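# Working through the structure, step by step
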Amino acid sequence: MMEVEGSSTSMNRAPDQSSFLRSRRSKALYQFKQQKLPACKPVLTPTSVITVFLLMGFVFIPIGFLTLRASRDAIEIMDRYDVECIPEEYKSNKLSYITDASIPKNCTRYLKVQKYMKAPIYIYYQLDNYYQNHRRYVKSRSDQQLLHGLEYRHTSACEPEESSNGLPIVPCGLIAWSMFNDTFTFARESTKLKVSRKNIAWKSDREHKFGKNVYPYNFQNGTLIGGAKLDSKIPLSDQEDFIVWMRAAALLSFRKLYGRIEEDLEPRNVVVVNVMNNYNTYSFSGQKKLILSTSSWLGGRNDFLGITYLVVGSSSIIISIIFMLLHLKNPRPYGDNSWNKKSLSG
Amino acid sequence: MKRFVYINDDEASNELCCDNRISNRKYTLWNFLPKNLWEQFSRFMNQYFLLIACLQLWSLITPVNPASTWGPLIFIFAVSASKEAWDDYHRYLSDKKANEKEVWIVKQGIKKHIQAQDIQVGNIVWLRENDEVPCDLVLLGTSDPQGVCYVETAALDGETDLKTRIIPSACVGIDLELLHKMKGVIECPIPDKDIRRFDANMRLFPPFIDNDVCSLTIKNTLLQSCYLRNTEWACGVSVYTGNQTKLGMSRGIAEPKLTAMDAMIDKLTGAIFVFQIVVVMVLGIAGNVWKDTEARKQWYVQYPEEAPWYELLVIPLRFELLCSIMIPISIKVSLDLVKGLYAKFIEWDVEMIDQETGTASYAANTAISEDLGQVEYILTDKTGTLTDNKMIFRRCCIGGIFYGNENGDALKDAQLLNAITSGSTDVIRFLTVMAICNTVIPVQSKAGDIVYKAQSQDEDALVIAAAKLHMVFVGKNANLLDIRFNGLTIRYEVLEILEFTSDRKRMSVVVKDCQSGKIILLSKGADESILPYACAGQQTRTIAEAVDHYAQLGLRTLCLAWRELEEDEYQEWSVKFKEASSVLVDREWRIAEVCQRLEHDLYILGVTAIEDRLQDGVPETIETLRKAGINFWMLTGDKQNTAIQIALSCNFISPEPKGQLLLIDGKTEDDVSRSLERVLLTMRITASEPKDVAFVIDGWALEIALKHHRKDFVDLAILSRTAICCRVTPSQKAQLVEILKSCDYRTLAIGDGGNDVRMIQQADIGVGISGREGLQAARAADYSIGRFRFLKRLILVHGRYSYNRTAFLSQYSFYKSLLICFIQIFFSFISGVSGTSLFNSVSLMAYNVFYTSIPVLVSVIDKDLSEASVMQHPQILFYCQAGRRLLYL
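Residues numbered from 1 in each chain as written. Chains lettered and ligands numbered in written order. Predicted model: local features only at pLDDT ≥ 70, side-chain atom pairs only at ≥ 80, totals over all residues. Heavy atoms only, no water.

## Here's the deal with the overall build of chain A
For chain A, the helix and strand inventory stands at 12 helices and 13 strands. Since a compact globule built from 346 residues should have a radius of gyration of about 20 Å, the 31 Å found for chain A marks it as more spread out than a globular shape. Here the C-alpha coordinates of chain A stretch approximately 95 × 55 × 45 Å along the principal axes. Taken across its 346 residues, chain A has 42% of its residues classed as buried. (Helix = DSSP H or I, 4+ residues; strand = E, 2+ residues; numbered from the N terminus. Rg over C-alpha atoms; globule rule 2.2 N^0.38 Å. Buried < 20%, exposed > 50% of the residue type's maximum accessible area, 1.4 Å probe, protein only.)

## Topic: a negative patch on the surface
Residue and element names in this part refer to chain B. A contiguous patch of negative charge on the surface is contributed by Glu566, Glu567, Asp568 and Glu572. The topology assignment puts Glu567 in helix α16 (residues 567-581). The class of Glu567 is partly exposed, set by a relative accessible area of 40%. (Patch = residues over 30% accessible without salt bridge, like charges linked within 9 Å, V, L, I, M, F, W, Y side chains within 5 Å. Areas by Shrake-Rupley, 256 points an atom, 1.4 Å probe, with all protein chains shown as cover. Salt bridge = Lys/Arg side-chain N within 4 Å of Asp/Glu carboxyl O. Lys, Arg positive; Asp, Glu negative; His and termini not counted. Charge placed at Lys NZ, Arg CZ, Asp CG, Glu CD.)

## Concerning the pattern of salt bridges
This model, assessed by the stated rule, comprises 44 salt bridges over all chains. The partner of Lys288(A) in a salt bridge is Asp182(A), and the shortest N-O contact between them spans 2.9 Å. Within this pair, whereas Lys288(A) is found in strand β13 (residues 287-293), its partner Asp182(A) is found in the loop between α8 (174-177) and β8 (183-188), the two being separated by 106 residues in sequence. Given the relative accessible area of 0%, Lys288(A) is considered buried. Two residues, Glu294(B) and Lys297(B), come together in a salt bridge whose shortest N-O distance is 3.5 Å.

## Here we look at the sheet that holds strand β30 (residues 722-726) of chain B
Residues and elements named next belong to chain B. Pairing is mixed across the open sheet formed by nine strands, whose spatial order is β14-β33-β32-β31-β15-β27-β30-β29-β28. With one partner strand each, in any of the chains shown, β14 (362-363) and β28 (659-664) form the two edges of the open sheet. By the bridge criterion, four bridges tie strand β31 (residues 747-751) to strand β32 (residues 765-769) in an arrangement that is parallel. In the sheet register, Gly751 faces β32, and the bridge partner there is Gly768. Along the sheet, helix α20 (residues 669-686) contacts β28 and β29 (692-698); its crossing angle with β28, the most-contacted strand, is approximately 160 degrees. Set on the sheet, helix α22 (residues 710-719) makes contact with β15 (377-380), β27 (631-635), β28 and β29; between it and β29 the angle comes to about 145 degrees. (Pairing = 2+ DSSP bridges. Contact = heavy atoms within 4.5 Å. Axes fitted to C-alpha atoms, helices over the stretch in contact; angles between N-to-C directions.)

## What about the packing of aromatic side chains?
A complete count under the given rule lists 48 aromatic pairs over all chains for this structure. Centroid distance Tyr125(A) to Phe180(A): 4.0 Å. Interplanar angle 10 degrees. Geometry classified as stacked. Within this pair, whereas Tyr125(A) is found in strand β5 (residues 121-128), its partner Phe180(A) is found in the loop between α8 and β8, the two being separated by 55 residues in sequence. The residues Tyr125(A) and Phe180(A) share a single accessibility class, namely buried. Ring centres 4.9 Å apart and planes at 85 degrees place the aromatic pair Phe184(A) and Tyr258(A) in the edge-to-face group. Here Phe184(A) is found in strand β8, whereas its partner Tyr258(A) is found in strand β11 (residues 254-261), with 74 residues between them in sequence. Residue classification places Tyr258(A) among the buried positions, given a relative accessible area of 5%. Taken together, the aromatic side chains of Tyr125(A), Tyr130(A), Tyr137(A), Trp177(A), Phe180(A), Trp245(A), Phe254(A), Tyr279(A), Phe284(A), Trp299(B) and Tyr300(B) make up a single cluster linked through ring pairs. Above the face of the Tyr258(A) ring, Arg197(A) is positioned so that its terminal group lies 3.8 Å from the ring centre. Its end group placed over the ring of Trp126(B), Lys111(B) keeps NZ or CZ at 4.5 Å from the ring centre. (Phe/Tyr/Trp six-rings, centres within 6.5 Å; stacked < 30°, edge-to-face > 60°. Lys NZ or Arg CZ within 6 Å of the ring centre and 35° of its normal.)

Okay, structure coming up:
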C-alpha cells in the first residue's frame with residue numbers, strides 16, 4: 001500500500017489560473033519551494049511485510065542453489081607441501097634446513113585427480129599467516145620507480161631496501177625483496193604437462209604500472225637475501241611472477257596465480273609436481289599450499305555466496321511464517337491505533 | 001561624562017575627531033585572512049582537524065595521503081571564509097553608499113556640498129524634504145515659521161507614523177541668513193544607544209545671546225537614518241557622527257544562538273572523541289606488544305633492532321590518524337547547507353503569506369530552524385499578537401450613563417447622539433478630551449479628508465470616534481489646535497504636554513481655550529492611575545464598576561478626566577516643569593514628579609471602551625499547539641480582567657469547571673508570599689487531575705515574587721502549563737523567559753511591539769509579528785511572520801521537518817564515519833596491528849566528501865508524515881521535544 005502525495009494537492013492549493021500555464025520546470029520549482037514534490041511512501045502493513053519476506057525467500061533460495069552449484073562445479077585440489085617437503089632429519093629444525101643454501105630443496109608431490117578437470121586449470125600458490133598487509137611492508141615500494149626505473153630517485157619510501165653498497169636498487173622495497181621463490185613443474189605420469197606462465201598478471205599492471213624499459217639493477221646484492229632473484233635481462237613489465245607478487249594481498253592468507261595447465265585432467269590421473277621448496281615460512285609458522293582449480297561462470301570454488309543466499313532466503317520465509325501466524329492470531333485493521341492510545345496521549 | 005559640541009567651530013570640535021564614516025565591517029582587506037582563520041580555529045572541531053592534518057605531514061605515521069585531510073579541510077575553510085567575505089563585502093558596499101552620499105553643510109558661513117563621511121561634529125547640516133538624515137543632529141531651524149518639522153523614524157524603531165520635531169526655544173525666530181553664522185555650545189551626554197532619550201542643554205554665543213540655558217530633548221533632534229517629511233527644509237548641528245550615533249551604538253552583532261541539536265552534536269562529538277582516544281590507546285598498546293613479540297619473527301618486515309626514542313609513539317599516532325575519520329569533517333558544512341535551505345522553505349511558503357498585507361515570513365536567523373520543533377514553552381504578548389491591534393471605539397460611560405450595548409456601538413447609540421445635540425456639558429467635555437488629549441497629527445489629504453497620524457492605536461481610535469460624534473479635530477498648527485463641533489470652530493492653544501510613560505500610565509495636556517482664555521488640564525489614562533486622583537467630592541464607584549464591566553467584555557478601557565486650572569497655579573507649575581525638563585540627570589523621574597503635582601483633584605468624565613479584536617485562527621492555533629504539548633504563557637501590559645477575558649476567548653484557559661484560575665496578588669511581601677504558597681499547594685494537589693489550572697499574576701506581585709521568592713516561583717513555573725502575567729514591563733517579560741530557560745525549557749517568545757524586543761532577544765527562539773506597532777519586534781526576532789496563526793505551521797510543519805531532517809543527517813554523518821572507521825579498526829587486527837589503511841587515500845576522501853555527503857542532502861526534502869497528518873495529530877511533536885530523533889534514549 002502506498003500513500004501518494006504531492007502533485008494533485010498542490011494543484012488544488014494554487015488557485016490562480018496562471019499556475020496552470022506555468023511551464024513544467026517552474027512548476028517543479030514551485031513544488032520544490034512549497035515542499036510538495038510528488039512522493040510516495042511505503043506503508044508497512046502486516047500483509048505487505050509478509051508478502052515482501054515471502055517473495056524474498058522465494059527469490060533468494062533458488063539463487064542460492066544456483067550459485068552453490070556453480071561453486072561446486074569448480075573442482076579444486078589443494079596440497080600443503082611445506083611440512084612434507086622437509087626431509088625427516090630436519091623435521092626438528094626446519095629453520096636451519098631452509099636457510100642452508102647447500103641443502104637441495106627439491107621435493108616431489110603426487111596429486112590425485114578425483115574428477116574430470118577441464119582446461120584451463122589454474123595453478124595457485126597459497127601462503128597462510130603471511131602479513132603482506134603489514135604497514136611497514138605495504139609502504140615499502142616505489143610505484144614511480146617500477147615505472148620509470150633508475151631515473152626516479154625519490155625512493156625513500158623503500159627503506160630499508162632502498163639501496164645497497166651505495167647504489168640504488170631496482171626494484172626497491174621490502175615487497176620486491178621478499179618475492180616468493182618456490183617453483184613448480186608439472187607432469188602427468190611421465191609426460192610433462194603443458195603449463196602456461198604467461199598472462200597471469202593484470203593487463204593494466206603490465207602495460208601501465210611496470211616499465212617496459214626498466215631492468216632489475218643491483219637487486220638481491222645485499223648482505224641479506226630475501227626471496228627470488230630477477231633476471232636482469234628481462235624488463236619488469238615482462239616478469240609476470242614479479243608483477244603478481246607486487247600486488248600485495250589484503251588478508252593474512254592469500255593465493256597468487258602461478259600459471260595455467262592447458263590440458264584436461266581425467267579422473268584418477270596423478271599429477272606429479274616437482275617443487276623447489278625455497279621460500280622461508282618456517283620462521284613465523286606460516287603455511288605454503290599448492291592449488292589446482294578449474295573455474296565456473298562464477299569463478300573458483302567458493303561456497304560463501306550460495307550459503308548466504310540460502311540462509312537469508314530461508315530466514316525470510318521463516319520470518320514471514322511467524323508474522324503470518326501472529327497476524328492471524330491478533331489481526332488489526334489498518335489505521336486502528338487503539339493498542340497505542342496510552343502512549344500517544346501520555 | 002559629558003560632551004561639549006561647539007556649533008560651527010572647526011578648531012574646537014576637532015578634538016572630538018570622529019568623522020561621519022560609518023563602518024559595519026568586521027574585517028579589512030589586510031586582517032581578513034588572519035582574523036577569519038583565528039575565528040575559525042577557535043572552534044574545537046577545526047583545531048582537531050588541523051592537528052590531524054599536521055600530523056599527516058609526517059610520512060612515517062600517516063596511513064594515507066595528507067591530501068585526504070587537507071583537501072576537505074581547505075575546502076571547508078574556504079567555504080566559510082568566502083561566506084564571511086561575501087557578507088562583509090556587502091556591508092562594505094552599503095557603508096560606502098551611505099558614506100559617499102552628498103550632503104549640504106555650512107562651513108565658515110558658506111554652504112558647501114560634501115560627502116556624508118566628511119561631516120564633523122559641530123557642522124551645520126542642511127536637509128531638504130525626503131532627505132535621509134546623515135548623522136545625529138540637533139535641530140536649529142526649519143522652513144516652518146513655528147520651527148516644526150516631521151520625521152519618519154521607520155528605520156530606527158519601525159514606527160511608520162510621522163513624528164514632530166521642534167527647534168529648541170532658543171533658536172526660535174532666528175533669520176535664515178543668521179543660521180549660517182550661528183555659534184554656540186551644546187552640552188550633551190556621551191554617545192549611547194537610547195533612541196528615546198537625549199538630555200542635553202544648549203547655550204548660544206553672541207550675537208544670539210540667550211540668558212537661559214536652553215534644554216534639549218529627543219524632540220529637538222533628528223536622528224541618523226530618519227527621513228525628513230512634509231517639511232521644505234531643516235537644518236541642524238551634528239552632535240554624534242559615524243558609529244557614535246544612536247543608531248550606530250545600538251547596532252551590534254548579535255550573539256549567535258546555539259540550538260539544542262547543536263549542543264547535542266557537540267556533546268556527541270566530544271563523546272566520540274573520548275571513544276576514539278580509548279580505541280587509539282588500546283590499539284596502540286596492542287600494536288607495540290605485537291611488534292615486539294610477533295613482528296620480529298616476520299623476516300620480510302625487517303624490523304630494526306635499534307629504534308629511535310619516539311618509536312613507542314609511532315603506532316598510537318598512526319591509529320589516531322586512522323581513526324580521525326570517526327569525527328565527520330563534513331557535518332558542519334552539510335548542516336549549514338541544509339539549515340540555509342530550511343530557512344528558505346519558510347520564506348517561500350505561500351501558506352504563510354499574510355494575504356492582507358502581502359508580507360511573507362522571513363527567517364533572519366537561518367541556524368535555528370530545528371529548535372522550532374523542540375519548543376516547550378511559548379510566551380506570547382497579547383496586543384497585536386493574539387489580537388489584531390485594530391482598535392475600534394465600542395462603548396463609553398459618561399457620568400454614570402452607559403452608551404452602547406450588545407446590539408450596537410456607542411457611535412450609533414441614539415441616546416448619546418441626543419446628548420450631543422442637546423449639549424450636555426459632561427458629554428461635550430468628554431468628546432473634547434477624546435479629540436485633543438493626544439499627540440495625533442491630522443493631515444489634510446488632497447481630497448480634503450482628514451487623515452490622522454497617531455503613535456498609538458488607542459489615540460487613533462479615540463480621535464476617529466470623536467470625529468464621528470461631530471467633534472472633529474481638523475488641524476494642528478504648531479501649538480494651535482482647531483476643533484470643529486457642530487459647525488463651530490473652537491481653537492485651543494496647547495501649553496504643555498505631560499507625556500505618557502509606562503510608569504505613569506496616563507498622559508495629560510494643558511490647553512488654553514482661545515475664546516474664553518480658560519486653562520484646562522485634560523487627562524486620560526488607566527483606571528488605577530486616574531481614579532486615585534479624583535477630586536474629593538466625586539464618587540468613583542460607578543466609574544470603577546464601568547471599568548470592571550468593560551474589562552469583563554474584553555475591552556480596553558481608558559478613564560478621561562478634566563480640571564480647570566487657575567492662571568497662577570499654572571504659571572507656578574510651569575516654572576517647575578521647565579526646570580525639570582532641563583535637568584540632565586534623572587530627567588524622566590523628575591518630570592514625572594512635577595506632573596504629579598498638577599494631576600490631582602481631577603473631575604472624572606467617564607470611561608471609554610475600545611475593542612481589540614482577536615486575530616483569526618488564534619483559538620485554533622493555541623489549541624493545536626497545546627495538543628502538541630506546548631505550554632503557553634501570556635505576558636501582557638494590559639490589565640488583569642482584560643487579559644483574562646482575552647485568554648478565555650482564545651482557548652488560552654478553559655472556563656470553570658474544566659479550568660481553574662489561581663490568582664497571585666498582594667501589595668506587600670507577606671501577601672504575595674502567602675498567595676504564592678497557596679497557589680503552589682493547589683497546583684501540586686491538582687497536578688494529577690485532568691484540569692486546566694492556570695495562574696494569574698500581576699506585575700507588582702511578580703516583582704516581589706521574583707525578588708524574594710524566586711525558588712517558589714520557579715517551582716510554580718515548572719508545574720504550571722498556563723500562566724497569565726499582566727501589567728508586566730518589558731524587562732519582566734525578559735526575566736520570565738530567563739526563568740523558563742534556566743529550568744532547561746526550550747522557549748519561544750512571540751510579540752509585535754517594541755516592548756517585546758527584550759523578551760524576543762532573550763528567548764531561544766524569537767518570533768516577531770510584522771504588525772501595526774512597527775517592525776521593531778520583527779527586526780529583533782529570528783523569524784518574523786505576518787499573523788499569529790502561522791505559528792502553527794512554523795512549528796508543526798517547518799520546525800518538525802527541520803528537526804527530523806537535521807537529526808537524520810547528523811545521525812547519518814556519525815554513522816557513516818563510524819562505519820568506515822570500524823572497518824579500519826577490524827582490519828588492523830588482521831594486518832598485524834600495524835596501522836595499515838584498508839582504503840587508499842582517494843577512495844577515503846571520495847567516501848567522505850562525495851559518496852556519502854552529497855546524495856544524503858536529498859534528505860532535506862524528505863517528509864516522514866504528510867503535513868495534513870501532522871496537523872491532525874499534533875501529539876507527534878512530543879518525539880521532537882524530547883529530542884528522541886537524535887538520541888534514542
